[in-house]
Amino acid sequence: MDEFELIHRITPRSLFHREIEIGIGDDAAVYESKKGYQEIVCVDTMVDGVHFLSSHSTPADIGYKALAVNISDIAAMGGIPKFYLVSIAVPSGWRETDIEAMYEEMNKLAKLYQMDVIGGDTVSTHGQMVITVTVIGEVEKGKACLRSHARPGDIVFVTGELGSSAAGLSFLLGEQSAEDDRLVEHFIERHKRPVPRVKAGLICSRYQSVALNDISDGLASELNEIAEASRVSIDIYQDLIPRSSDLHKLRSEWEEWVLFGGEDFELVGTISSDQWERFDQECTSCGVPVYKIGRVSRSGEANVFYYRGQDRILLEKKGYNHFRQDR
Ligand SMILES: Nc1ncnc2c1ncn2[C@@H]1O[C@H](COP(=O)(O)OP(=O)(O)OP(=O)(O)O)[C@@H](O)[C@H]1O
Ligand SMILES: Cc1ncc(C[n+]2csc(CCOP(=O)(O)O)c2C)c(N)n1
Ligand SMILES: [Mg+2]
Ligand SMILES: [Mg+2]
Ligand SMILES: [Mg+2]
């Protein structure tokens, strides 16, 4: 594999965004930013053995997810993704065709959002595959959906079903088995191919003071982040949280997946109750599934309470934590 030849191959022949003065091909990318908008930048890394298993995921799967999770962070700000940069550390066992397959899949996903790759980095490693993607997006000035926007009385909502990604992972890790192949496929697909909620995020940005977070570490963790940033307490209700109707058939502790599993890459947020109905209707008419799961109760302490029937349980900020595996 030749580094420079590889870069040449992954360089796009055409671009969606004309404001790019230079993308791949110089020391850094240069582009014009748009008046009246703010830039949004995020980066997330994925490591073989930690975020994926190269024995169970194809290079295409890995590329897809590395880009999708970053697009999800832009969506969680209410932004539109525009550009991305990809840094890869490639182990000796990887072939050039693997890298190409990875880029091809990222390209396909990027095309859906008219995003351009504008740079990156390529190195070899004696360790595991590492892929780091940076995504740059934009949001109308002052419209970003910050975690600090939750206010007492707001409605708490999520988009789409929770817990399915964690269920899929448990199949991949061999912790779980099921007779029905279609069921297994569904959950594994949810784990390997999360669909970032860009449209939902954009709708949120058009309403006043929506708080948003994307679900990477788990609902409990993300809600605690909103509670902390807004200094409010939040109540959510078990029977309102959307999940696959098959989830409970897989494991009696399915609730663990829903609350702490993570990697659903759905959005969780808060919106004032007077805007809720209009928001709910707009989401529905745009094909975005949105569910009310609770309320912001009061300001002061940052607690998240989970109501299961008559029980009220304090939801701790536990979930996926790279340095503390307490699950
Ligand atoms: N090594 C680092 N150096 C500087 N800032 C960091 C570093 N790691 C994280 N951050 C910043 O800390 C904040 C929280 O990061 P985190 O990775 O938890 O984001 P997230 O989107 O909530 O989670 P996830 O990584 O699970 O998607 C972000 O503002 C991020 O940019
Ligand atoms: C092989 C394997 N083992 C465990 C997991 C679960 N996992 C890894 S990172 C993460 C949180 C988000 O990551 P980050 O906080 O780094 O963005 C989760 C839930 C996985 N995907 N693959
Ligand atoms: Mg992160
Ligand atoms: Mg995030
Ligand atoms: Mg993230």
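Residues numbered from 1 in each chain as written. Chains lettered and ligands numbered in written order. Predicted model: local features only at pLDDT ≥ 70, side-chain atom pairs only at ≥ 80, totals over all residues. Heavy atoms only, no water.

Regarding the overall build of the protein chain
Applied cut-off: The numbering of helices and of strands both runs from the N terminus, where a helix is a DSSP run of H or I of at least 4 residues and a strand a run of E of at least 2. To get the radius of gyration, use the C-alpha atoms; to get the globule rule, take the number of residues to the power 0.38 and multiply by 2.2 Å. In this scheme, a residue with accessible area under 20% of its type's maximum is buried, one over 50% is exposed, and one in between is partly exposed, where area comes from a 1.4 Å probe on protein chains only. Accessible areas in this description were obtained via Shrake-Rupley with a 1.4 Å probe; residue shielding takes into account the shown protein chains only. A positive count includes Lys and Arg, and a negative count includes Asp and Glu. His and the chain ends are not counted in either. Lysine's charge is taken at NZ, arginine's at CZ, aspartate's at CG and glutamate's at CD.
Along the backbone of the protein chain there are 10 helices and 13 strands. In terms of C-alpha radius of gyration, the protein chain reaches 20 Å, essentially the compact-globule figure of 20 Å for 327 residues. Summarising its shape, the C-alpha atoms of the protein chain cover approximately 65 × 55 × 35 Å along the three principal directions. A buried classification covers 51% of the 327 residues belonging to the protein chain. Approximately 16000 Å² of the protein chain is accessible, and the part contributed by carbon and sulfur atoms is 47%. Taken together, the 35 basic and 52 acidic charged side chains of the protein chain have centroids lying 6 Å from each other.

Let's talk about the environment of Cys145
Note on placement: Cys145 falls in the loop between strand S6 (130-140) and strand S7 (155-159). Residues Cys145 and Ser209, 64 residues apart in the sequence, show an inter-C-alpha distance of 6.7 Å.

Description of unusual backbone geometry
The backbone of Arg231 sits at a positive phi, close to 50°, despite the residue not being glycine. Topologically, Arg231 is positioned in the loop between helix H7 (219-230) and strand S9 (232-237). Assessed through its relative accessible area of 59%, Arg231 is described here as exposed. The phi dihedral of Phe265 is positive, around 50°, even though this residue is not glycine. Tracing the chain through its elements places Phe265 in the loop between helix H9 (254-261) and strand S10 (267-271).

Concerning the domain arrangement of the protein chain
The cut-off we apply is this: The split into domains, and so the bounds of each, comes from an automatic or database assignment of domains. Note on definitions: a residue-residue contact is assigned when non-hydrogen atoms from the two residues lie within 4.5 Å. Here the quantity called buried area is the total loss of accessible area, with a 1.4 Å probe, experienced by two parts when brought into contact, counted for both. For this document, the term salt bridge refers to a Lys or Arg side-chain nitrogen within 4 Å of an Asp or Glu carboxyl oxygen. Between N or O atoms, a polar contact is any pair within 3.5 Å; within protein, one atom must be a potential hydrogen donor and the other a potential acceptor, and residues adjacent in sequence are included only when both atoms are from side chains.
The domain boundaries assigned to the protein chain delineate domain 1 (3-140) and domain 2 (147-314). For domain 1 versus domain 2, the distance between C-alpha centres works out to 26 Å. Across the contact, 21 residues belong to domain 1 and 19 residues belong to domain 2. Interface of domain 1 and domain 2: buried area, both sides summed, is about 1700 Å²; carbon and sulfur atoms make up 58% of it. Of all residues in domain 1, Tyr64, Lys65 and Ala76 give up the largest surface area on contact with domain 2, accounting jointly for 28% of the area buried on that side. Here Arg193 ties to Asp61 by a salt bridge, and the two come within 2.8 Å at their closest N and O atoms. The interface formed by domain 1 and domain 2 contains eight residue pairs in polar contact (both at pLDDT 80 or more). Looking at the side of domain 1 that touches domain 2, the elements that each hand over two or more residues are helix H2 (59-75) and strand S4 (80-91). It is H2 that contributes the most residues to the side of domain 1 that touches domain 2, 10 residues altogether.

Focus on the nonpolar core
Keep this limit in mind: To form a nonpolar core, buried Ala, Val, Leu, Ile, Met, Phe, Trp, Tyr and Cys residues must be joined to one another through side-chain atoms within 4.5 Å.
Among the nonpolar cores identified, the biggest contains 36 residues, and Leu219, Ile234, Ile236 and Ile241 are the most heavily contacted of them. When sequence neighbours within four positions are dropped, the list of residues in contact with Ile241 reads Leu162, Leu219, Ile236, Val258, Leu259, Ile293 and Tyr306. Formed by 34 residues, the second largest nonpolar core is a distinct cluster that contains Cys42, Ile71, Tyr103 and Val139.

Considerations on the packing of helix H4 (residues 164-172) against helix H5 (residues 181-192)
Stated formally: Angles here are taken between N-to-C directions and fall from 0 to 180 degrees, while the axes themselves are lines fitted to C-alpha atoms, restricted in helices to the stretch in contact. Between 65 and 115 degrees an angle is taken as roughly perpendicular, under 35 as roughly parallel, over 145 as roughly antiparallel, and anywhere else as oblique. Three classes are used: nonpolar for Ala, Val, Leu, Ile, Met, Phe, Trp, Tyr, Cys and Pro, charged for Asp, Glu, Lys and Arg, and polar for all others, with Gly counted as polar.
Contact geometry of H4 with H5 gives a least axis separation of 7 Å together with a crossing angle of 110°. With respect to H5, the element H4 is oriented roughly perpendicular. On H5, the residues that touch Ser164, Ser165, Ala167, Gly168, Leu169, Phe171 and Leu172 of H4 are Val184, His186, Phe187, Ile188, Arg190, His191 and Lys192. Counted by class, the contact of H4 with H5 contains seven nonpolar, five polar and two charged residues.

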